[in-house]
Amino acid sequence: MLGTVSEPVVERTVAPVPPRAGAVGFAGPTELAAALESTGYLPDEGLATAAYLALVMHRPLFLEGEAGVGKTALAQALADVTGRPLHRLQCYEGLEASQALYDWDFGRQLLHLRAAEAAHVGQDPAALEASLYDRRFLLARPLLRALEDSPSVLLVDEVDRADDEFEAFLLEVLSDFTISIPELGTIRAQTPPLVVLTSNRTREVHDALKRRCLYHWLQHPDFDREVAILRRRLPEVSERLAREVAGATARLRTLDLLKPPGIAEAMDWASALHALGARELHPDLAARTLGAVLKYREDTDRVHALTREALFGA
Ligand SMILES: Nc1ncnc2c1ncn2[C@@H]1O[C@H](COP(=O)(O)OP(=O)(O)OP(=O)(O)O)[C@@H](O)[C@H]1O
Ligand SMILES: [Mg+2]
C-alpha cells in the first residue's frame, strides 16, 4: 500500500550518472544493429530503426507481436549494448501501482519504532513519524528503480495483461518520468529510461498509451534470419539441421495453428533434435519431437496427420 502521510513535496532529482562504457550514442540504426548482433540478438532493419529512434528521441518503444518473436529479448539486448541496467516490470491482471512503484517496508518501520521507543529517542511524535518515512524504509519497485538507476532500460513486459487502471497509471508515469512520493518528495530521472513495452495483443492497448510510444510490430523472422539466429544461439547444431528446422517451422506457421511456433520454439526444437543426435530433420524424428515446437494437442494432432507435407512441403 502507498503511504498516506502528506507533507510538503520536495523536488528530488536523481543525480545524473556519467555515461557508462558503451552508453554513448550509435551513429545510426545500422551501427545499433551491429552492436545488438554482437550480443547475439539479430534484429531486422525495421526493428533496429525503431530501437534507434526510441534511443535518440527518448520515446518508449511499444513492441507488439506473436509469442516468442524476441520482444523481451530485445530489451535485454538493448541494456547490454548501452551498458545500462535493465529493470523489468512483468504485468499481470490485478497489478497495482504499489507493486510497480514502491511500497513502505512495514516490518522495518515497526522495528525502527520499537528501537526508538526502547532508546527513549524520538519522543516528539511528529519527528518520530517523519523518521519512519526515510528512504531506507522504502522498497523501490521496478518503475522507481528505473528512475533512480538512471540511465536505465525499463521493460514493461506484457502490458496487455494489466488492467485498464494500471495502463492509465503507466501513461502518467511515462509522460514525465516523475514519481511523487508524498512523504519523500518527487523523484525525477535526469535521463529518462529507455522504455520498452511489450504486448502479445491479447487485448488492444489504449491509443493514449500508444500515442506516447514508437510502435513496431515484430514479425516472425524470414528464413535466412531464423537460420542465422539458430546458428548464433545454438552453435552446436549442424547447419543443415538449423536450415531444415527453420524451413519446417516456417511451414508450420502457415498452417493456421492455435499457437504458431516462435523463435523460442524453433530453438527448442533444434536443441531437442540435436540432443537426440540428429544432424538433419528426419520426418520420423520430427514427428516424435513435435512437443518441442507445438504446445496444443489440437495442433500436434493436426500436424501428425500430415507430417510429411506439413514439414517438408507436398
Ligand atoms: N532476433 C533475435 N535474435 C536472437 N535471438 C532471438 C531473436 N528473437 C528472439 N530470439 C530468442 O528467442 C527466444 C524468445 O524470445 P522472447 O522471449 O524475447 O520472445 P517474446 O516475443 O518476448 O515472447 P513472449 O511473447 O512469449 O514473451 C529468446 O531465447 C530470444 O533470445
Ligand atoms: Mg516476452
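Residues numbered from 1 in each chain as written. Chains lettered and ligands numbered in written order. Predicted model: local features only at pLDDT ≥ 70, side-chain atom pairs only at ≥ 80, totals over all residues.

Brief notes about the packing of helix α1 (residues 29-38) against helix α2 (residues 45-57)
Then, number 1: Here α1 crosses α2 at 105°, and the two axes come no closer than 8 Å. As the angle between them shows, α1 and α2 are arranged roughly perpendicular. Contact with α1, carried on its side by P29, L32, A33 and L36, involves E45, A48, T49, A51 and Y52 of α2 and no other residues of that element.
Then, number 2: Among the residues forming the contact of α1 with α2, the class breakdown is 7 nonpolar, 1 polar and 1 charged. (Axes fitted to C-alpha atoms, helices over the stretch in contact; angles between N-to-C directions. Helix = DSSP H or I, 4+ residues; strand = E, 2+ residues; numbered from the N terminus. Parallel < 35°, antiparallel > 145°, perpendicular 65-115°, else oblique. Contact = placed C-beta atoms within 7 Å. Nonpolar A, V, L, I, M, F, W, Y, C, P; charged D, E, K, R; others polar.)

Details of the site of ligand 1
Then, number 1: Taken together, 19 residues lie near ligand 1, and A67, G70, K71, T72 and A73 sit nearest.
Then, number 2: For the shell around ligand 1, the secondary structure elements donating two or more residues are α3 (71-82), α10 (223-233) and α12 (263-275).
Then, number 3: Here the shell around ligand 1 is built from residues that sort into 10 nonpolar, 7 polar and 2 charged.
Then, number 4: Counting residues domain by domain, the shell around ligand 1 receives three or more from each of domain 1 (41-101 + 141-218) and domain 3 (223-312). (Near = placed C-beta within 6 Å. Domains from an automatic or database assignment.)

Some details on α2
An α-helical turn contains 3.6 residues, so any two residues separated by three or four positions project in the same direction.
Then, number 1: Taking 1.5 Å per residue, 13 residues should reach 18 Å; α2 reaches 18 Å between its end C-alpha atoms and fits that length.
Then, number 2: For α2, every residue scored as buried is listed here: L47, A48, A50, A51, Y52 and A54.
Then, number 3: The secondary structure elements touched by the buried residues of α2 are α1, β2 (61-65), α3, β9 (194-199) and β10 (214-218). (Expected span 1.5 Å × (residues − 1). Buried ≥ 20, exposed ≤ 12 C-beta atoms within 10 Å, placed from the backbone.)

Things to note about unusual backbone geometry
Then, number 1: At the junction of S150 and P151, the peptide bond is cis and its omega measures out at -5° in the coordinates.
Then, number 2: Along the chain, the position of P151 falls in the loop between α7 (142-148) and β6 (153-157).
Then, number 3: Even without a glycine there, the phi angle at E158 is positive, about 60°.
Then, number 4: With respect to the helices and strands, the residue E158 is situated in the loop between β6 and α8 (164-176).
Then, number 5: The phi dihedral of D256 is positive, around 60°, even though this residue is not glycine.
Then, number 6: Tracing the backbone shows D256 in the loop between α11 (239-253) and α12.

Some thoughts on the sheet that holds β2
Then, number 1: Reading across from one edge, β3-β6-β9-β2-β10 is the order of the 5 strands in this open sheet, with parallel pairing throughout. Looking along the sheet, the strands with just one partner apiece sit at the ends: β3 (86-90) and β10. The mean inter-strand angle of the sheet, taken between neighbouring strand axes irrespective of direction, is 20°.
Then, number 2: Direction of pairing for β2 relative to β10: parallel, over a ladder of 5 bridges. Its bridge partner being in β10, F62 is matched across the sheet by Y215.
Then, number 3: Contacts from α2 reach β2, β9 and β10, with the element oriented near 155° to β10. (Pairing = 2+ DSSP bridges.)

Concerning the packing of α10 against α12
Then, number 1: Between α10 and α12, the shortest axis-to-axis distance is 10 Å and the interhelical angle comes to 55°. Accordingly, the angle class assigned to the pair α10 and α12 is oblique. For the crossing formed where α10 meets α12, the hand is right-handed. Between α10 and α12, the residues in contact are E226, I229, L230 and R233 and I263, A266, M267 and A270, respectively.
Then, number 2: Along the lines of polarity and charge, the residues of the contact of α10 with α12 split into 6 nonpolar, no polar and 2 charged. (Left-handed = near helix turned anticlockwise from the far one by under 90°.)

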